[in-house]
Amino acid sequence: MANCSIAASAKTGSNFKTGQNVVIYEDVKIGSNVILGNNVIIYEGVQIGDNVTIADNAVLGRQPKLAPTSTAKVEGRLSPLEIGSGCSIGTGAIIYAGTKLGENVTVADLATIREKVVIGDFVVVGRGVAIENEVSIGDYTKMQTNSYITAYSILEDHVFIAPMVTFTNDNYMGRTEKRLKEMKGAHVKRGARIGGNSILLPAIEVGEESFIAAGSIVTKDVPAYKLVMGIPARVVRDVPEEELLKNQ
């Protein structure tokens, strides 16, 4: 633990290992068999379960500091970050306070997870993925490299998001109160899959086990069990029976 700064009130379990230049603030609780890399920063009150690995330069539990013009609102200090057992946090990942990760979540290098995010079990957050505030993500969902999940989005269980997918949540260019009241991301239902470089307009509902082909721009709701593609995306055919979750 050379060159580390660990608050006296922090608690660590058995077989705790850490690299150099680690900073752990007050009231942090770390479970057993946890490994920290170099230059990791863990802010006040963060709770980390057993068998968690955190790579170099990760920043965990940071309180948000919003721009004066931000549409997001944070009043007071948020509750501490919670990280479940078996998670793996990559190099340079940043996860904010007010967020909760379930068990066996993988957060890859350079990913960012903002405040007030709830993530289920066995979720994969790929390299460079950005998840904005107030997002809900179900179990076994995967978000691949550099995908962008905008604020106020919902992803249910077993959703697949391919690289470079972009969610949006604002239908108005005008700076009006109506714009703020109607801000909403996509709701992606259980088992849906979204191909690479697709763009989803605000408040889109993506139906259960539907499939959005790569490069599509989705301007209206996607029916369940349908494959859509194009600009704008249109229904092409049914999703093949053998691809449904019940047959996996």
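Residues numbered from 1 in each chain as written. Predicted model: local features only at pLDDT ≥ 70, side-chain atom pairs only at ≥ 80, totals over all residues. Heavy atoms only, no water.

Next up on the list: the overall build of the protein. On a plain count of helices and strands, the protein comes out with one helix and 33 strands. Taken over the C-alpha trace, the protein has a radius of gyration of 19 Å; the compact-globule value for 248 residues is 18 Å, and the two agree within 12%. The principal-axis extents of the C-alpha atoms in the protein amount to approximately 60 × 45 × 20 Å. Counting over 248 residues, the protein shows a buried share of 41%. (Helix = DSSP H or I, 4+ residues; strand = E, 2+ residues; numbered from the N terminus. Rg over C-alpha atoms; globule rule 2.2 N^0.38 Å. Buried < 20%, exposed > 50% of the residue type's maximum accessible area, 1.4 Å probe, protein only.)

Attention shifts here to the sheet that holds strand S30 (residues 211–212). Whenever strands of a sheet pair, they do so through backbone hydrogen bonds, lying parallel or antiparallel. The strand order across the open sheet formed by twelve strands is S3-S6-S9-S12-S15-S18-S21-S24-S27-S30-S32-S33, and the pairing between neighbours is mixed. Edge positions in the sheet fall to strand S3 (17–18) and strand S33 (234–238), since each of these pairs with one other strand and no more. Relative to strand S21 (residues 142–143), strand S18 (residues 124–125) is paired through two bridges, and the arrangement is parallel. Within S21, the residue paired with Val-125 across the bridge is Met-143. (Pairing = 2+ DSSP bridges.)

Its place among the elements puts Glu-205 in strand S29 (residues 205–206). Take Glu-205: its relative accessible area is 34%, and that puts it in the partly exposed class. With 17 residues separating them along the chain, Glu-205 and Val-222 place their C-alpha atoms 6.3 Å apart. For Glu-205, the residues in contact, after removing those within four places along its chain, are His-187, Lys-189, Asp-221 and Val-222. (Contact = heavy atoms within 4.5 Å.)

The full count for this structure, using the stated rule, is seven salt bridges. For Glu-44, the salt bridge goes to Arg-77, with nearest N and O atoms at 3.7 Å. Placement of Glu-44 in the loop between strand S7 (41–42) and strand S8 (47–48) and of Arg-77 in the loop between strand S10 (59–62) and strand S11 (82–83) is noted, with a sequence separation of 33 residues between them. Measuring nitrogen to oxygen at the nearest pair gives 3.7 Å for the salt bridge that ties Glu-205 to Lys-189. A residue pair is termed long-range when its members are at least 10 positions apart, and Glu-205 in strand S29 and Lys-189 in the loop between strand S26 (187–188) and strand S27 (193–194) qualify at 16 residues. Since its relative accessible area comes to 23%, Lys-189 is described here as partly exposed. (Salt bridge = Lys/Arg side-chain N within 4 Å of Asp/Glu carboxyl O.)

A full pass over the atoms with the stated rule returns two aromatic pairs. Each ring, one from Tyr-25 and one from Tyr-43, has its centre 5.0 Å from the other, and the planes form 15 degrees; the classification is stacked. Here the residue Tyr-25 occupies a position in the loop between strand S4 (23–24) and strand S5 (29–30), and Tyr-43 occupies one in the loop between S7 and S8, the gap between them amounting to 18 residues. Consider the rings of Phe-122 and Tyr-140, whose centres lie 5.1 Å apart with planes at 5 degrees: the pair is stacked. (Phe/Tyr/Trp six-rings, centres within 6.5 Å; stacked < 30°, edge-to-face > 60°.)

With that out of the way, let us pick up the sheet that holds S29. Strand order in this open sheet of ten strands is S2-S5-S8-S11-S14-S17-S20-S23-S26-S29, and the pairing throughout is parallel. Whereas interior strands pair on both sides, the edge strands pair on one side only; in this sheet they are strand S2 (11–12) and S29. Pairing of strand S20 (residues 136–137) with strand S23 (residues 154–155), which is carried by two bridges, proceeds in the parallel orientation. When the sheet's bridge partners are listed, Ser-136 is paired in S23 with Ile-154.

Inspection of the secondary structure assignment puts Ala-233 in the loop between strand S32 (226–229) and S33. Overall, the relative accessible area of 9% leaves Ala-233 in the buried class. Expressed as a C-alpha distance, the spacing of Ala-233 and Ala-213, which sit 20 residues apart in the sequence, is 8.5 Å. If sequence neighbours within four positions are ignored, Ala-233 has contacts with Ser-216, Ile-217, Val-218 and Val-228.

Taken together, the two bridges between S7 and S10 define a ladder with parallel strand orientation. Of the residues in S10, the one forming a bridge with Ile-41 is Val-59. Note: S10 against strand S13 (residues 94–96), three bridges, orientation parallel. By the bridge assignment, Leu-60 is partnered in S13 with Ile-95.

What follows is about unusual backbone geometry. Along the chain, Ile-231 connects to Pro-232 via a cis peptide bond; the corresponding omega equals -5 degrees. At Tyr-140, a position not held by glycine, the phi torsion is positive, near 60 degrees. Looking at the secondary structure, you find Tyr-140 in the loop between S20 and S21. A relative accessible area of 41% places Tyr-140 in the partly exposed class. Of note, the phi angle at Met-164 is positive, near 70 degrees, even though the residue is not glycine. Take Met-164: it is sitting in the loop between strand S24 (160–161) and strand S25 (166–167). Relative accessible area serves as the criterion here: at 40%, Met-164 is assigned to the partly exposed category.

These figures capture arrangement, not role.
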